[in-house]
Amino acid sequence: FAVLGPERPQVVSHVQQTLSYTVFDCKWVPRSARLMCLGSAARGTGVIQLYELHGARLEVLREIKKPKPIKCGTFGATSLQQRYLATGDFDGNLNIWNLEAPEIPVYSVKGHKEIINSIDGVGGLGIGEGAPEIVTGSRDGTVKVWDPRQNDTPVANMEPLQGESKRDCWTVAFGNAYNQEERVVCAGYDNGDIKLFDLKTMSLRWETNIKNGVCSVEFDRKDINMNKLVATSLEGKFHVFDMRTQHPTKGFASVSEKAQKSTIWQVRHLPQNRDIFMTSGGSGSLHLWKYEYPAQRSKKDSEGSEMGVAGSLSLLQNVTLSTQPISSLDWSPDKKGLCVCGAFDQTVRVLIVTKLNKI
């Protein structure tokens, strides 16, 4: 892959905050200079911390203790007025919190038999058409879609068929929510399976296997016709699938890149440019990538069926921030280049990525 010259972006560590607990997820609060850290305290209890960014320091506004460690969170299914945080915990509970009054969840369901590894939301924040929904993926092998306006039962439940072995679901993501009817969920599993569930037809639309545990999946945008999907893996490789053209037998075209030797924990696309994304690694490093489209995105095969053509990747920048894995990452939806990441050295870092307008 090509590395760009002097005009390339720089990744600057703006603020570093040491935490007294293990952080599993961090999220910007939409339309604010605030961020959340979610995790596990030493006693095996859950922590939600709310911070505000003041210049070059982070101020703790609130610390909320919960009975179970919290693994993941999303604002994706809430309105901008409410900005409720949905979380998945180690006990399989899905909770939705009003951060102004966080003592009791506004919605709570025992969603899974085991830990909820991953959560995503859509239909809120003015992003994506259709109902607000939350998807959860769990170690119990199931992927469930919830409508917070309906109690207790999921609106969709993707589980192994009778006789199939259950696989640990590590990551879930919504996509294709460009009108009231269309919506998909992508799920990645510990054995390398990637499955694309079509929620409109309630069917498995596509599946593949990348031969390695799938740590993170994300569409470049949730609220458009499926365009690209990135899947990262346990052994330092990631795959970019062109989701515009699905071939009847070959599926979607893809390009893969080995970023490093260690696990790629997460991928997050820049909200203001869908062709730029960041991957976070087990070696404490971040890699900033740009996807370049091919001259033609599809071609006809010998049978006359359309098949996709994969593009190429360029590495814009990479930086090592920690000796421990960077396990969570979130771009600010409002300020271009502002980013937060959490690492297993019990540190949260606010980063500024420069020169993104020049790419």
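Each chain has its residues counted from 1, running along the sequence as written. For this predicted model, a pLDDT threshold of at least 70 governs which residues receive local features, and a threshold of 80 or more governs which side-chain atom pairs are given and counted, while totals over whole chains, interfaces and linings are taken from all residues. The side-chain values count all of the structure's non-hydrogen atoms but skip hydrogen atoms and water molecules.

*Asks:* When you look at the overall build of the chain in this model, what are you seeing that I'm missing?
*Replies:* Helices and strands together make up the secondary structure of the chain, namely zero helices and 31 strands. With the C-alpha coordinates of the chain rotated into their principal frame, the extents come out at 60 × 55 × 35 Å. The 359 residues of the chain split such that 58% are buried. In the chain, once contacts between residues fewer than 6 apart in sequence are set aside, the share between residues at least 24 apart is 51%. Values of accessible area rely on a 1.4 Å probe in the Shrake-Rupley scheme; residue burial ignores everything except the protein chains shown. Summing over all exposed atoms, the chain offers an accessible surface of approximately 14,900 Å²; the carbon and sulfur share of this is 46%. Under this rule, positive means Lys or Arg and negative means Asp or Glu; His and the chain ends count for nothing. For charged residues, the charge sits on one atom: NZ in Lys, CZ in Arg, CG in Asp, CD in Glu. In the chain, 43 side chains carry a positive charge and 39 a negative one; their mean positions are 4 Å apart. Only DSSP runs of H or I with at least four residues qualify as helices, and only runs of E with at least two residues qualify as strands; both kinds are numbered from the N terminus onward. Per-residue accessibility, obtained with a 1.4 Å probe over protein chains only, is compared with the maximum for each type, and a residue is labelled buried under 20%, exposed over 50%, and partly exposed between these values. Any two residues having at least one pair of non-hydrogen atoms within 4.5 Å are treated as being in contact.

*Asks:* Is there a simple way to think about the UniProt feature "repeat: WD" (unreviewed entry) in the chain in this case?
*Replies:* Per the UniProt record, "repeat: WD" (unreviewed entry) is annotated on residues 134–156. Structurally, residues 134–156 is divided into 0% helix and 43% strand, and its ends, taken at the C-alpha atoms, are 10 Å apart. UniProt positions are given in the numbering used here, feature names are shortened, and annotations may be inferred rather than shown by experiment.

*Asks:* Where do I start with the packing of aromatic side chains in this structure?
*Replies:* What characterises a pair of aromatic rings is the spacing of the ring centres plus the angle enclosed by the ring planes. Centre distance within 6.5 Å is the pairing criterion for rings of Phe, Tyr and Trp, where only the six-membered ring of Trp is used; planes under 30 degrees apart are then read as stacked, over 60 as edge-to-face, and the remainder as tilted. Summed over all chains, the structure comprises eight aromatic pairs. Their ring planes at 75° and their centres at 5.2 Å tell us that Trp206 and Phe241 sit as a pair that is edge-to-face. Taken together, the positions of Trp206 in strand β18 (residues 203–209) and Phe241 in strand β21 (residues 237–242) put the pair 35 residues apart, joining distant regions of the chain. Like Phe241, Trp206 is buried. An angle of 65° between the planes, with centres 4.9 Å apart, marks the rings of Phe238 and Trp289 as edge-to-face. Here Trp289 lies in strand β25 (residues 285–292) and Phe238 lies in strand β21, a separation of 51 residues in the sequence. The buried category is assigned to Trp289, whose relative accessible area is 0%. A cation sits over an aromatic face here: Arg183 above Phe174, 5.8 Å from the ring centre. Two thresholds decide whether a charge sits over a ring: the Lys NZ or Arg CZ must be within 6 Å of the ring centre and within 35 degrees of the ring normal.

*Asks:* Explain unusual backbone geometry here, please?
*Replies:* Across the chain, the bulk of peptide bonds are trans and the bulk of non-glycine residues have phi less than zero. One non-glycine residue with positive phi stands out, namely Arg31, at about 55°. Turning to its location among the elements, Arg31 is positioned in the loop between β3 (22–28) and β4 (34–40). On the accessibility criterion, Arg31 (59% relative accessible area) is exposed. Even without being a glycine, Arg83 presents a positive backbone phi close to 50°. Topologically, Arg83 is positioned in the loop between β7 (70–74) and β8 (85–89).

*Asks:* Teacher, can you tell me more about the sheet that holds strand β29 (residues 326–331) here?
*Replies:* Two orientations exist for strands paired in a sheet by backbone hydrogen bonds: parallel and antiparallel. The criterion for strand pairing is that DSSP finds at least two bridges linking the strands in question. The four strands lie next to each other as β2-β31-β30-β29, forming an open sheet whose pairing is antiparallel. Single-partner strands in this sheet number two, and they are β2 (11–18) and β29. Strand after strand, the sheet turns through a mean of 20° between neighbouring axes, direction not considered. Here seven bridges tie β2 to strand β31 (residues 347–353), and the two strands are oriented antiparallel to one another. The partner of Val12 across the bridge, within β31, is Ile352. Each axis is a line fitted through C-alpha atoms, and for a helix only the stretch in contact is used; angles between axes span 0 to 180 degrees, taken between their N-to-C directions.

*Asks:* Where do I start with the pattern of salt bridges in this structure?
*Replies:* Any two side chains of opposite charge can pair, so long as their charged atoms come close to each other. When a carboxyl oxygen of Asp or Glu lies within 4 Å of a side-chain nitrogen of Lys or Arg, that pair is called a salt bridge. Evaluated as defined, the whole model comprises 20 salt bridges. Between Asp275 and Lys228 there is a salt bridge, and its shortest N-O distance comes to 2.6 Å. Note that Asp275 is positioned in strand β24 (residues 273–281) and Lys228 in strand β20 (residues 228–233), a separation of 47 residues in sequence. In this pair, the class of Asp275 matches that of Lys228, namely buried.

*Asks:* How do you make sense of the sheet that holds strand β12 (residues 133–138) when you look at a structure like this?
*Replies:* Taken together, the four strands give an open sheet; going across it, the order is β11-β12-β13-β14, and neighbouring strands pair in antiparallel fashion. Sheet topology places β11 (116–122) and β14 (156–158) at the edges, where each strand pairs with a single neighbour. This sheet shows a mean twist of 15° between the axes of neighbouring strands, independent of strand direction. The pairing of β12 with strand β13 (residues 143–146) spans four bridges and is antiparallel. Within the sheet, the bridge partner assigned to Gly137 lies in β13 and is Val143.

*Asks:* What should I look at first to understand the nonpolar core in this one?
*Replies:* The tendency in soluble globular proteins is for nonpolar side chains to be buried side by side. With 18 residues, the main nonpolar core has Met278, Leu286 and Leu288 as its most contacted residues. Elements represented by at least two residues in this core include exactly β24, β25, β28 (312–320), β29, β30 (338–343) and β31. If sequence neighbours within four positions are ignored, Met278 has contacts with Gln266, Val267, Arg268, Leu286, His287, Leu288, Leu329, Trp331, Cys339 and Val353. Residues belong to one nonpolar core when they are buried, are Ala, Val, Leu, Ile, Met, Phe, Trp, Tyr or Cys, and are joined through side-chain atoms within 4.5 Å. Val23, Trp28, Ala41 and Val340 belong to the second-largest nonpolar core, a separate cluster that totals 17 residues.

*Asks:* What is the right way to look at the side chain of Asp25 in this model?
*Replies:* Assignment of secondary structure puts Asp25 in strand β3. Under the relative-accessibility criterion, Asp25 is labelled buried at 5%. Here a polar contact is recorded for every N or O atom pair within 3.5 Å, except that within protein the pair must consist of a potential hydrogen donor and a potential acceptor, and residues adjacent in sequence are included only if both atoms are side-chain atoms. Within the structure, the side chain of Asp25 is placed 3.3 Å from the side chain of Lys27, a separation counted as a polar contact. Leaving out residues up to four positions away in the same chain, Asp25 has contacts with Met36, Cys37, Leu38, Lys71, Cys72, Gly73 and Ser328.

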